[in-house]
Amino acid sequence: MRLAVLGAGAVGASVAELAADYGHTVTALADSSSAAVDPEGIDVATALESKRTDGVVGSADPEDALDGAYDVLVEATPTTLGDAQPGFGHVRTALERDRHVVLANKGPVAERYGEVRELERDSEGQVLFEATVGGAMPVLSTIDDFDPDHITAARGVLNGTANFILTRMAAEGLDYEHVLAEAQDLGVAEADPAFDVEGTDAALKCVIVANVLAGNGREYTLDDAEVQGIEDIPGSALDLATEDGRTVRLIGEVTAQGEVRVGPRLVPENGTLAVTGTENIVQLETEHAGRLNISGRGAGGPETATAVLADVGRLDRD
């Protein structure tokens, strides 16, 4: 398949680097201000080296990537809230041209899911978005395999930054601010960690799961989620939990009643949901197969790129 990759950050760059290993050709790679475009396939290494040294991936305009020759648009620009632009506009353009879309960007399917599906219905292209929930973990494809009608609820740990902080606070008896600074030094937390520690990132993932489970029913956005972060949790709360054989994790839920909630929860210290470090886990409650646990690396460039390329592979087989 010929891929046009929008976004040259960790995920977009990893998709471009790994595409050939999966049998695909990158015909365009764009960042916010430039693009490298070649219908026969760009030189990915040269484009990424140019990005590192000169701050641009090529001499073309980003719009040239959308206008070029490709079978699948990989949308890996940063997630934005509200109108989900520019990602939603990129999705619309590709679908109106009957091209497929694979999303790593959560915005379009967390904030404008109904519109994306309507555009898809009117297009010869399909939209897949495994990478938007849980990085490398096959959460959405598992839901699809089991049929959303037979999944009654979902819950899990869906943000590695928050989980790293809570794990370190409990293990070392450290306070939040100390561990946050450590996470930032290690590159686990962003300079502005609000998206992760306030629960927004986990909530977006839960909203996407809720939309998939609802099918053509109710549409969810971030406004429908009840969200609480971890920034106000004192170290003493984790100490008390440990004395009781429990710990605290930031848990996202889509309930059987269709509610979306994210917040700190007490879980058994040695229980399934007490994953450590940056590990993620999702539990799916099924009608006929009991509880399914899916765990793994929920973020990272190469990890998330594998989910993107798995979706491209699904489109290639259709």
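This section reports on the structure supplied with the text.

Procedures and definitions
- Residues numbered from 1 in each chain as written.
- Predicted model: local features only at pLDDT ≥ 70, side-chain atom pairs only at ≥ 80, totals over all residues.
- Heavy atoms only, no water.
- Helix = DSSP H or I, 4+ residues; strand = E, 2+ residues; numbered from the N terminus.
- Buried < 20%, exposed > 50% of the residue type's maximum accessible area, 1.4 Å probe, protein only.
- Contact = heavy atoms within 4.5 Å.
- Arc of directions from axis to C-beta.
- Pairing = 2+ DSSP bridges.
- Axes fitted to C-alpha atoms, helices over the stretch in contact; angles between N-to-C directions.

**What to know about unusual backbone geometry**
Here's step 1: Of the consecutive residues Q85 and P86, the connecting peptide bond is found in the cis state with omega at 5 degrees.
Here's step 2: For P86, the position within the fold is in the loop between strand 4 (72-75) and helix 4 (87-96).
Here's step 3: Look at A84: it is not a glycine, yet its phi comes out positive at around 60 degrees.
Here's step 4: Looking at the element boundaries, A84 is found in the loop between strand 4 and helix 4.
Here's step 5: Residue classification places A84 among the buried residues on the basis of a relative accessible area of 0%.
Here's step 6: At D98, a residue that is not glycine, the phi angle is positive and equals roughly 60 degrees.
Here's step 7: Looking at the secondary structure, you find D98 in the loop between helix 4 and strand 5 (100-103).

**Examining the side chain of T247**
Here's step 1: Topologically, T247 is positioned in strand 9 (residues 246-254).
Here's step 2: Discounting chain neighbours no more than four positions away, the residues touching T247 are A170, L238, A241, R265, L266, V267, E269 and A274.

**Here we look at helix 12 (residues 235-243)**
Here's step 1: Of the residues making up helix 12, those classed as buried are G235, L238 and A241. Summarising the axial view, the buried residues of helix 12 lie within an arc of 120 degrees, below the 170-degree limit, and thus occupy one face. Helix 12 presents L240 and E243 as exposed residues on the side facing more than 90 degrees away from its buried surface.
Here's step 2: In this fold, the buried residues of helix 12 make contact with helix 8 (160-172), strand 9 and strand 10 (260-268).
Here's step 3: The positive-phi residue at the C-terminal boundary of helix 12 is G245, with phi of around 75 degrees.

**What about the sheet that holds strand 10?**
Here's step 1: In spatial order, the strands read 8-10-9-7-11-12; together these six strands make up an open sheet with mixed pairing. The sheet is open, and its two borders are formed by strand 8 (225-227) and strand 12 (291-297), each paired with just one other strand. This sheet shows a mean twist of 30 degrees between the axes of neighbouring strands, independent of strand direction.
Here's step 2: Sheet topology places strand 7 (residues 151-157) next to strand 9; three bridges connect them, and they run antiparallel. From the neighbouring strand, A154 faces strand 9, where its bridge partner is V254.
Here's step 3: Relative to the sheet, helix 12 contacts strand 9 and strand 10, its axis offset from that of strand 9 by approximately 100 degrees.

**A look at helix 4**
Here's step 1: The buried fraction of helix 4 amounts to seven of the 10 residues, a majority that puts the element mostly inside the structure.
Here's step 2: Three or more residues of helix 4 are buried, namely G87, F88, G89, H90, V91, A94 and L95.
Here's step 3: Positive phi appears at D98, one or two residues downstream of helix 4, with a value of about 60 degrees.

**A word on the pairing of strand 9**
Here's step 1: Burial analysis of strand 9 places eight of its nine residues in the buried class, the great majority of the element.
Here's step 2: Here strand 9 pairs with strand 10 via nine bridges, running antiparallel. Its bridge partner lying in strand 10, R249 is registered against R265.
Here's step 3: Linking two consecutive strands that pair antiparallel, namely strand 9 and strand 10, is a turn of five residues; a positive phi of about 85 degrees is found at G258 within it.

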